[in-house]
Amino acid sequence: MAIRLGDTAPDFVAPSTSGEIKFHDWLGDSWGVLFSHPADFTPVCTTELGTVARLKPEFDKRNTKVIGLSVDGLSDHNAWSKDIEETQGVALNFPLLADENRAVSTKYDMIHPNADSTLTVRSVFIIGPDKKVKLTLTYPASTGRNFDELLRVIDSLQLTSEHKVATPANWKHGEDCIIVPSVSNEEADALFPKGYNEIKPYLRTTPQPA
Ligand code: BEZ
């Protein structure tokens, strides 16, 4: 069963390179990014994990924990970690789940049999502190993901959870936002003291709220 936005992220207990993970307990009050990769000792995955390790301080700044997963075992994960450090110049600094029995991949629908009957695709789930799924993404094995885009989405999710705004196409932190249509102009006057620009009644932009 596919996981949809707004669903509670399935809980699980699974081994990882940082010991046993009880997923919901491990998330605590943080945001989370759970992402799968097809297999250990593969080139694209090696670059992805190095990239996430390098960006870890950016996820930390956003109170967001990251965790990877593949259906390989812990001994492969540990051996491959050394290659990641050697080739990417950064050590793994977040847990990698070992899902040999495919229990987690099945719960999260990460194996797409018409793409590959055994390996996980490149799935991403962003999970809020309420444990609800806020974003899902699925990439094919041949395309490495853009993890800067995940940080951008987290910025948008965190902003829009606090303020009655949405973020436009290609928005980046600090740029103008859109006032959600359910807010009247009278309400907008009170909520957005920096003012707003009414381009159309349904399209009002405002500087990013603090
Ligand atoms: C890779 O990570 O390089 C990869 C994994 C599975 C299939 C194709 C590429």
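Look above for the structure.
Here the structure is a predicted model, which is why all the values come from computation and not from measurement.

Asker: Kindly report on the packing of helix H2 (residues 43-61) against helix H5 (residues 147-162), identifying the contributing residues and their values.
Answerer: H5 packs onto H2 with a crossing angle of 30° between their chain directions and a minimal axis gap of 10 Å. One way to sum up the angle between H2 and H5 is to call them roughly parallel. Handedness of the crossing formed by H2 with H5: right-handed. Contacts from Glu48, Thr51, Val52, Leu55, Glu58 and Phe59 in H2 reach Phe147, Asp148, Leu151 and Ile154 in H5. Of the residues belonging to the contact of H2 with H5, the class tally is six nonpolar, one polar and three charged.

Asker: So what's going on with the layout of surface pockets? Which residues, and what values?
Answerer: Empty space within the largest pocket amounts to approximately 240 Å³. Along the wall of the largest pocket there are 13 residues; nearest its centre are Asp155, Gln158, Leu159, His173 and Gln208. Per-element tally for the lining of the largest pocket: the top contributor is H5, with five residues. Grouping the constituent residues of the lining of the largest pocket by class yields five nonpolar, five polar and three charged.

Asker: Can you explain the sheet that holds strand S6 (residues 122-127)? Please cite residues and give values.
Answerer: Read across the open sheet, the five strands follow the order S5-S4-S3-S6-S7; overall the sheet is mixed. Strands with a single pairing partner mark the edges of an open sheet, and in this sheet they are strand S5 (96-98) and strand S7 (133-139). For this sheet the average axis-to-axis angle between neighbouring strands, irrespective of direction, equals 20°. Bridge count for S6 against S7 is six bridges, and the pairing is antiparallel.

Asker: So, the pattern of salt bridges: which residues are in play, and what are the values?
Answerer: Counting across every chain of the model gives ten salt bridges. Residue Glu149 is joined to Arg152 by a salt bridge in which the shortest nitrogen-to-oxygen separation is 2.7 Å. On the criterion of helical spacing, the pair formed by Glu149 and Arg152 is a turn pair, its members being three residues apart in helix H5. Using a relative accessible area of 29% as the deciding quantity, one classes Glu149 as partly exposed.

Asker: Describe the site of the ligand, and please don't skip the residues or the numbers.
Answerer: As a structural note, the neighbourhood of the ligand is formed by Pro38, Thr42, Pro43, Val44, Cys45, Arg122 and Ala141. Take Thr42: an N or O atom from its side chain is 3.0 Å from an oxygen atom of the ligand. Taking Arg122, its side chain carries an N or O atom lying 3.0 Å from an oxygen atom of the ligand. Compared with its free state, where it exposes 260 Å², the ligand has 74% of that area covered by protein. At three residues, H2 tops the list of elements feeding residues into the shell around the ligand. When grouped by side-chain class, the residues that make up the shell around the ligand number five nonpolar, one polar and one charged.

So, how was this worked out
- Residues numbered from 1 in each chain as written.
- Predicted model: local features only at pLDDT ≥ 70, side-chain atom pairs only at ≥ 80, totals over all residues.
- Heavy atoms only, no water.
- Axes fitted to C-alpha atoms, helices over the stretch in contact; angles between N-to-C directions.
- Helix = DSSP H or I, 4+ residues; strand = E, 2+ residues; numbered from the N terminus.
- Parallel < 35°, antiparallel > 145°, perpendicular 65-115°, else oblique.
- Left-handed = near helix turned anticlockwise from the far one by under 90°.
- Contact = heavy atoms within 4.5 Å.
- Nonpolar A, V, L, I, M, F, W, Y, C, P; charged D, E, K, R; others polar.
- 1 Å grid on protein atoms, 1.4 Å probe; cavity = no way out; pocket = protein on both sides within 12 Å on 5 of 7 lines; lining within 4 Å.
- Points joined across faces, edges and corners; volume = space filled by probe spheres on them.
- Pairing = 2+ DSSP bridges.
- Salt bridge = Lys/Arg side-chain N within 4 Å of Asp/Glu carboxyl O.
- Buried < 20%, exposed > 50% of the residue type's maximum accessible area, 1.4 Å probe, protein only.
- Near = heavy atom within 4 Å.
- Polar contact = N/O pair within 3.5 Å; in protein donor to acceptor, adjacent residues only side chain to side chain.
- Areas by Shrake-Rupley, 256 points an atom, 1.4 Å probe, with all protein chains shown as cover.

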